[in-house]
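Structure at a glance
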Amino acid sequence: MAHLTTTAHPYAFFEGKVVPVAEANVSIMTNALQYGTGIFSGIRGYYNAEGDFISIFRLEDHIKRFLQSFRIIGVKLEYDHKQLCEITIDLMKRNAPRTDTYIRPFGYAGSLNLSPNLERDSTFAFAEYMIPLGEYIPVDKGISVMVSSWRRVTDNTIPSRAKITGAYMNSALAKQEANRNGHEEAIFLNEAGSVVEGSAMNIFLVRDGVLITPAKYDDILEGITRRSIITLANDMGIPVEERTVDRSELYVADEAFFSGTGAQVSWISAIDHRPVGDGTRGPITTKLQEMFFRVARGQEKKYAKWCTKVAIASK
Ligand code: PMP
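What comes next is a walk through the structure.

Topic: the packing of helix 2 (residues 59–73) against helix 3 (residues 81–95)
Helix 3 packs onto helix 2 with a crossing angle of 125° between their chain directions and a minimal axis gap of 10 Å. Our classification of the angle between helix 2 and helix 3 gives oblique. Seen from above, helix 2 lies across helix 3 with right-handed handedness. When helix 2 is examined against helix 3, the residues Leu59, Glu60, Ile63, Lys64, Phe66 and Leu67 are found in contact with a partner set consisting of His81, Leu84, Cys85, Thr88 and Ile89. In terms of residue class, the contact of helix 2 with helix 3 is built from seven nonpolar, two polar and two charged.

Looking at the layout of surface pockets
By volume, the largest pocket amounts to about 960 Å³. What lines the largest pocket is a set of 40 residues, among which Phe40, Tyr102, Arg104, Tyr136 and Ala200 lie closest to the centre. Contributing elements (two or more residues each) for the lining of the largest pocket: helix 2, strand 7 (101–108), strand 8 (123–132), helix 4 (168–180), helix 5 (224–236) and strand 15 (255–260). Here the element with the most residues in the lining of the largest pocket is helix 4; it accounts for six residues. Split by residue class, the lining of the largest pocket holds 18 nonpolar, 16 polar and six charged.

Concerning the site of the ligand
Of all residues adjacent to the ligand, which total 17 residues, the nearest are Arg65, Lys163, Tyr168, Thr225 and Thr261. One of the side-chain nitrogen or oxygen atoms of Glu197 is found 2.8 Å away from a nitrogen atom of the ligand. At 2.6 Å, a side-chain N or O of Thr261 approaches an oxygen atom of the ligand. Protein coverage of the free-state accessible area of the ligand, which is 380 Å², stands at 97%. At a threshold of 2 Å from the grid points, most atoms of the ligand map onto the largest pocket. Elements that contribute at least two residues to the shell around the ligand include exactly helix 2, helix 5 and strand 15.

Structural notes on the packing of aromatic side chains
Within this structure, the stated rule accounts for 13 aromatic pairs. On the basis of an interplanar angle of 65° and a centroid distance of 6.1 Å, the ring pair of Phe66 and Phe126 is categorised as edge-to-face. Pair noted here: Phe66 is in helix 2 and Phe126 is in strand 8, with a separation of 60 residues, a long-range link. Seen from their ring centres, Phe204 and Phe257 are 5.0 Å apart, and the 15° between their planes marks the pair as stacked. Of this pair, Phe204 sits in strand 12 (residues 202–207) while Phe257 sits in strand 15; the two residues are 53 residues apart in sequence, bridging distant segments of the chain. Relative accessible area serves as the criterion here: at 0%, Phe204 is assigned to the buried category. Judged by its relative accessible area of 0%, Phe257 falls in the buried class. Put simply, the rings of Phe13, Phe66, Phe70, Tyr79, Phe124 and Phe126 touch in pairs and so form one group of aromatic residues. Seen from the ring of Trp306, Arg58 lies directly overhead, with NZ or CZ sitting 4.1 Å from the centre.

Things to note about the pairing of strand 15
The element strand 15 is extensively covered by neighbouring structure, given that six of its six residues are classed as buried. As judged from the five bridges shared by strand 12 and strand 15, these two strands associate in the antiparallel manner. When the bridges of strand 15 are listed, Leu205 appears paired with Ala256. For strand 15 and strand 16 (residues 264–271), the ladder comprises four bridges, and the chain directions are antiparallel. Within the sheet, the bridge partner assigned to Gly260 lies in strand 16 and is Gln264. Joining the antiparallel neighbours strand 15 and strand 16 is a turn of three residues.

So, how was this worked out
- Residues numbered from 1 in each chain as written.
- Predicted model: local features only at pLDDT ≥ 70, side-chain atom pairs only at ≥ 80, totals over all residues.
- Heavy atoms only, no water.
- Axes fitted to C-alpha atoms, helices over the stretch in contact; angles between N-to-C directions.
- Helix = DSSP H or I, 4+ residues; strand = E, 2+ residues; numbered from the N terminus.
- Parallel < 35°, antiparallel > 145°, perpendicular 65-115°, else oblique.
- Left-handed = near helix turned anticlockwise from the far one by under 90°.
- Contact = heavy atoms within 4.5 Å.
- Nonpolar A, V, L, I, M, F, W, Y, C, P; charged D, E, K, R; others polar.
- 1 Å grid on protein atoms, 1.4 Å probe; cavity = no way out; pocket = protein on both sides within 12 Å on 5 of 7 lines; lining within 4 Å.
- Points joined across faces, edges and corners; volume = space filled by probe spheres on them.
- Near = heavy atom within 4 Å.
- Polar contact = N/O pair within 3.5 Å; in protein donor to acceptor, adjacent residues only side chain to side chain.
- Areas by Shrake-Rupley, 256 points an atom, 1.4 Å probe, with all protein chains shown as cover.
- Sits in = over half its atoms within 2 Å of the grid points.
- Phe/Tyr/Trp six-rings, centres within 6.5 Å; stacked < 30°, edge-to-face > 60°.
- Buried < 20%, exposed > 50% of the residue type's maximum accessible area, 1.4 Å probe, protein only.
- Lys NZ or Arg CZ within 6 Å of the ring centre and 35° of its normal.
- Pairing = 2+ DSSP bridges.

So this is what it looks like as structure tokens:
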């Protein structure tokens, strides 16, 4: 797997203002660093060279889910939906990247308190940075995945519906195991043994022309890309089922793919050493993948409302 760049765009939002990213630093004693008491989001901006603008994909929906995560854990943030959208757009203008960009809004227990205590850390600090990002996992080549021996965190352990930093130890363990076994990605089952998602992406299967994805009540993160794929499928007349998925359905699926802000739409060629379908990219995956990229890049008028255009000013 390609290593992701960690060279950020020059400016970050930190402690209430835009600063050079090198100045956006916290103490090693920071509660969030010690205990994973943070909430984050990941949003993509696609660069359009012809128009010289960035098209941010579903900014408002991402910020809405970001704020829902704070509601779930019962803490406050000093910024509301409108302000967070504005901060993001302003930071994008300031960074003025001429490349596809990943946006990372981040809320965290910024105190130096010794113990994890959300009552004491009841208002989280907010920061945001941006990095150039191409493919997070390959979208064209067909990836090999394994069912993880780790179980996905459940709603009553660390709520999987929220994007909680500490929960990503769970993702890291699954990814580590998959990579050590020669696979690109992992598929989580939940404690009930049902299919949930990848380490940081939702999963879709195709069986007999029907698009199937685990339901919202099966410990998934309610992905914005997942929701977009469901809408696109509905609009294309592809039947969709959101329901509990058995492990063995993975092995009889005709097609399978991941969806996510990082993953975009990346197709799966093998699961646990069994080829998915005939091991090539299937027709429904191809249709949805092509449509997804056109939509995300702001090239489909019908879905223009999902894209926030930010003009890149000459520096
Ligand atoms: N599941 C998990 C655990 C994730 O971290 C992500 C990435 N945010 C997703 C699914 C996909 O969600 P989205 O499409 O909103 O990026």
